Amino acid sequence: MEEDYTKWTHSALVARVQELEEKMAEYPKNSVSIESTSATTRTPCTTTSTTIENPPSDPTPEPKPKKRRAFDPNRYSTRLIALKIAYLGSSYSGFEYQANNFTPLPTVEEKIFEALLKSHLVPAAEAMTPNPGEPTYSVRFWPSEEVTQYSKGGRTDRGVSGFGQVIGIRVRSNRPLPKPVCSDLETQEEVEKEKIGIHEAEDDMQPPSPLQPFDDIKDELPYVTILNRLLPPDIRVLAWAPNPPENFSARFNCRGRHYRYFFSNPPIAPRPLKGEIAFNGPLDIERMREAASYFLGEHDFRNFCKLDASKQINNFRRIIYASTIEELPVNTPSMTTDSHPKMYYFNLHGSAFLWHQVRHMIAVLFLIGQGFEEPSLIKALLDTEKHPRKPQYEIADDKALVLWDCYYPNEKLQWVYGEIAEKDSLYDTAWMGWHKARLEEILWGVVEDLRKNCINAEDMIREYRVHDLRPVAEKKNHFLVDGGSRIHLRGKYVPVMKRATLEDVEVLNARYRHKKPERVPGMNKVWRAKNAMQPKEMVADELEKISAEDTA
């Protein structure tokens with residue numbers, strides 16, 4: 001029988017509510033009471049309840065990390081391109097990466113390889129297994145030359161910079177892959193789809209539809225932007241060439257290389273002469289220009305390079321197209337005053353260069369500019385019939401040398417530079433470097449002014465004197481100018497042509513072949529085969545015969 005709550009007194013209603021609250025308190029906290037009510041009326045006596053126990057509350061499970069889909073290079077086409085690269089070499093152990101030679105600093109090429117691997121522009125070597133914690137874009141995973149078709153226009157040593165380095169590389173492309181050969185029925189279906197405009201949806205990273213012609217530049221990946229985002233600030237990709245000739249080689253297709261070596265004049269801090277220093281002033285630029293002109297043409301430069309018997313080089317002839325000493329125009333007003341040195345550069349353009357050739361050439365020019373040698377020394381060192389053995393002398397510093405450009409026929413490479421945003425990024429990077437160097441220049445200029453305030457008037461008058469009255473040979477010491485920022489004080493100067501010389505190139509090569517035949521190209525296989533079948537004494541006798549024949 002249903003209760004009529006309208007007839008209940010106030011106290012009875014309150015008692016009923018309290019009774020219901022006590023019953024509700026008896027249920028567990030994690031239970032839910034669902035009361036079944038009538039469609040029209042609800043009575044306290046006929047109310048039935050169904051209790052549903054909730055499961056214990058568990059902590060929210062952490063979302064599983066999404067598995068990144070492995071990159072499949074087979075889904076993309078490739079193309080051979082050329083890249084023009086600029087870099088500052090002071091923080092690197094040269095340009096070329098040495099796979100089996102540990103260097104205290106990374107190489108420029110190593111950073112380029114890592115950027116190409118990380119961006120998947122070049123596929124990693126499949127046979128390599130990564131070490132624990134080793135990224136897959138480590139330079140150790142660089143694939144073989146058959147895959148990359150990699151080549152470089154020039155090699156620079158440690159500390160040397162490059163503003164026009166060129167490399168050739170086969171990279172991933174946005175160009176659609178060619179359609180596979182299909183049956184006539186499948187071909188008819190594709191034609192019908194094209195008529196009614198049915199195409200599969202593709203994301204933004206997919207190449208353009210094969211139904212539209214592919215633009216080699218507009219539809220291609222932004223190579224300059226991709227690589228510059230991954231490279232350090234002192235290595236920049238300036239441009240790329242979309243269509244180099246077939247089997248392009250940045251080394252063998254190069255028709256000329258351009259170097260510049262920058263130096264100041266005076267090359268060292270001017271100071272009062274003490275009578276025993278052979279050189280203490282500015283370089284004689286006109287003497288250096290006369291001497292530099294003797295490099296023009298084709299010559300044997302064995303006396304202007306570092307001899308490396310492991311290379312087994314026999315041809316040291318190179319062609320020099322331009323060899324001048326140029327004054328560097330400056331835009332900063334403070335640098336045009338007499339209190340600051342002028343800046344010059346050795347401008348050198350040739351077909352190819354030997355190891356350390358440019359630094360040897362400028363080192364001899366410095367000796368001529370200091371007055372230690374005559375310009376005719378260049379002619380004497382180039383005459384290898386009279387002087388086949390290289391005199392021993394120190395080469396110039398590496399920091400001021402720059403690979404300025406690599407030249408290719410105009411029809412071979414058409415450079416495409418980065419977008420406006422990329423050019424702005426390159427400008428910002430150059431600005432930060434210039435700003436830092438400019439501040440340091442101003443601060444060191446203040447130090448120079450303080451130094452001058454400590455010198456009396458008599459010393460100031462004698463400060464810029466070039467030579468003492470006595471000849472160079474009578475001086476006990478001399479400053480060596482090597483183009484670097486350090487001051488090198490040496491003993492009594494000895495003319496270059498009176499110094500000790502190295503052995504003949506043929507003798508050096510023959511001795512190396514005899515000592516390390518396993519490292520000589522063409523001899524290593526013969527040496528290994530004979531060494532496996534004959535006693536060591538017989539092998540040594542055979543190698544001695546070969547060396548004697550080569551020397552003869």
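You'll find the structure just up there.
Residues numbered from 1 in each chain as written. Predicted model: local features only at pLDDT ≥ 70, side-chain atom pairs only at ≥ 80, totals over all residues. Heavy atoms only, no water.

> Is there a simple way to explain the overall build of the chain in this structure?
Along the backbone of the chain there are 13 helices and 14 strands. Within the chain, residue pairs in contact and separated by at least 24 positions form 72% of the contacts whose partners lie at least 6 positions apart. Counting only carbon and sulfur atoms, one obtains 54% of the accessible surface of the chain, whose full area is about 34400 Å². (Helix = DSSP H or I, 4+ residues; strand = E, 2+ residues; numbered from the N terminus. Contact = heavy atoms within 4.5 Å. Areas by Shrake-Rupley, 256 points an atom, 1.4 Å probe, with all protein chains shown as cover.)

> Which parts of the structure should I look at to understand unusual backbone geometry?
With an omega of 10°, the peptide bond running from Asn265 to Pro266 counts as cis. Along the chain, Pro266 turns up in the loop between strand E7 (256–265) and helix H6 (285–293). The residue Asn247 is not glycine, and still its phi comes out positive at about 60°. Within the element layout of this structure, Asn247 appears in the loop between strand E6 (235–241) and E7. Exposure remark for Asn247: the relative accessible area of 60% places this residue in the exposed category. (Buried < 20%, exposed > 50% of the residue type's maximum accessible area, 1.4 Å probe, protein only.)

> Please explain the packing of H6 against helix H7 (residues 357–369) as it appears in this structure.
Describing two packed helices takes the angle between their axes plus the distance from one axis to the other. Following both chains from N to C, one finds H6 and H7 inclined at 140°, their axes separated by 8 Å at the closest point. Of the possible angle classes, the one that applies to H6 and H7 is oblique. Taken as a pair, H6 and H7 cross one another with a handedness that is right-handed. Contact residues: Arg287, Met288, Ala291 and Ala292 in H6; Ile362, Leu365, Phe366, Ile368 and Gly369 in H7. A class-by-class count of the residues in the contact of H6 with H7 yields seven nonpolar, one polar and one charged. (Axes fitted to C-alpha atoms, helices over the stretch in contact; angles between N-to-C directions. Parallel < 35°, antiparallel > 145°, perpendicular 65-115°, else oblique. Left-handed = near helix turned anticlockwise from the far one by under 90°. Nonpolar A, V, L, I, M, F, W, Y, C, P; charged D, E, K, R; others polar.)

> Mind showing me how you'd approach the pattern of salt bridges here?
Oppositely charged side chains are able to pair whenever their charged atoms sit close together. Counting across every chain of the model gives 17 salt bridges. A salt bridge links Arg302 to Glu506; its shortest N-O distance comes to 4.0 Å. Placement of the pair is Arg302 in the loop between strand E8 (297–300) and strand E9 (317–327) and Glu506 in helix H11 (residues 505–515), with a sequence separation of 204 residues. Using a relative accessible area of 12% as the deciding quantity, one classes Arg302 as buried. With its nearest N and O atoms 2.6 Å apart, the salt bridge here joins Glu503 to Arg511. Residue Glu503 is classed as partly exposed on the basis of its relative accessible area of 32%. Using a relative accessible area of 42% as the deciding quantity, one classes Arg511 as partly exposed. (Salt bridge = Lys/Arg side-chain N within 4 Å of Asp/Glu carboxyl O.)

> Where do I start with the nonpolar core in this structure?
Grouped burial of nonpolar side chains is what soluble globular proteins tend to show. By size, the foremost hydrophobic cluster in this structure holds 55 residues, and its most contacted members are Phe304, Phe346 and Leu365. Listed by contribution, the elements that provide at least two residues to this core are strand E3 (77–87), E7, H6, E9, strand E10 (342–350), H7, helix H8 (376–382) and strand E11 (401–407). In contact with Phe346, not counting residues within four places along its chain, are Tyr259, Arg260, Tyr261, Phe263, Ala292, Phe295, Ser323, Thr324, Ile325, Met361, Ile362 and Leu365. Counting 30 residues, the second-largest nonpolar core is a separate cluster that includes Phe113, Tyr150, Leu231 and Val237. (Core = buried A, V, L, I, M, F, W, Y, C linked by side-chain atoms within 4.5 Å.)

> What exactly am I supposed to notice about the packing of aromatic side chains here?
We describe a pair of aromatic rings using the distance from one ring centre to the other and the angle between the two ring planes. Under the definition given, this model contains 18 aromatic pairs. By way of ring pairs, the aromatic residues Tyr97, Phe113, Trp142 and Tyr150 are connected into one cluster. One cation-aromatic arrangement involves Arg172 over Tyr76; the distance from NZ or CZ to the ring centre is 5.2 Å. Sitting above the plane of the Tyr294 ring, Lys379 keeps its charged end 4.4 Å from the centroid. (Phe/Tyr/Trp six-rings, centres within 6.5 Å; stacked < 30°, edge-to-face > 60°. Lys NZ or Arg CZ within 6 Å of the ring centre and 35° of its normal.)

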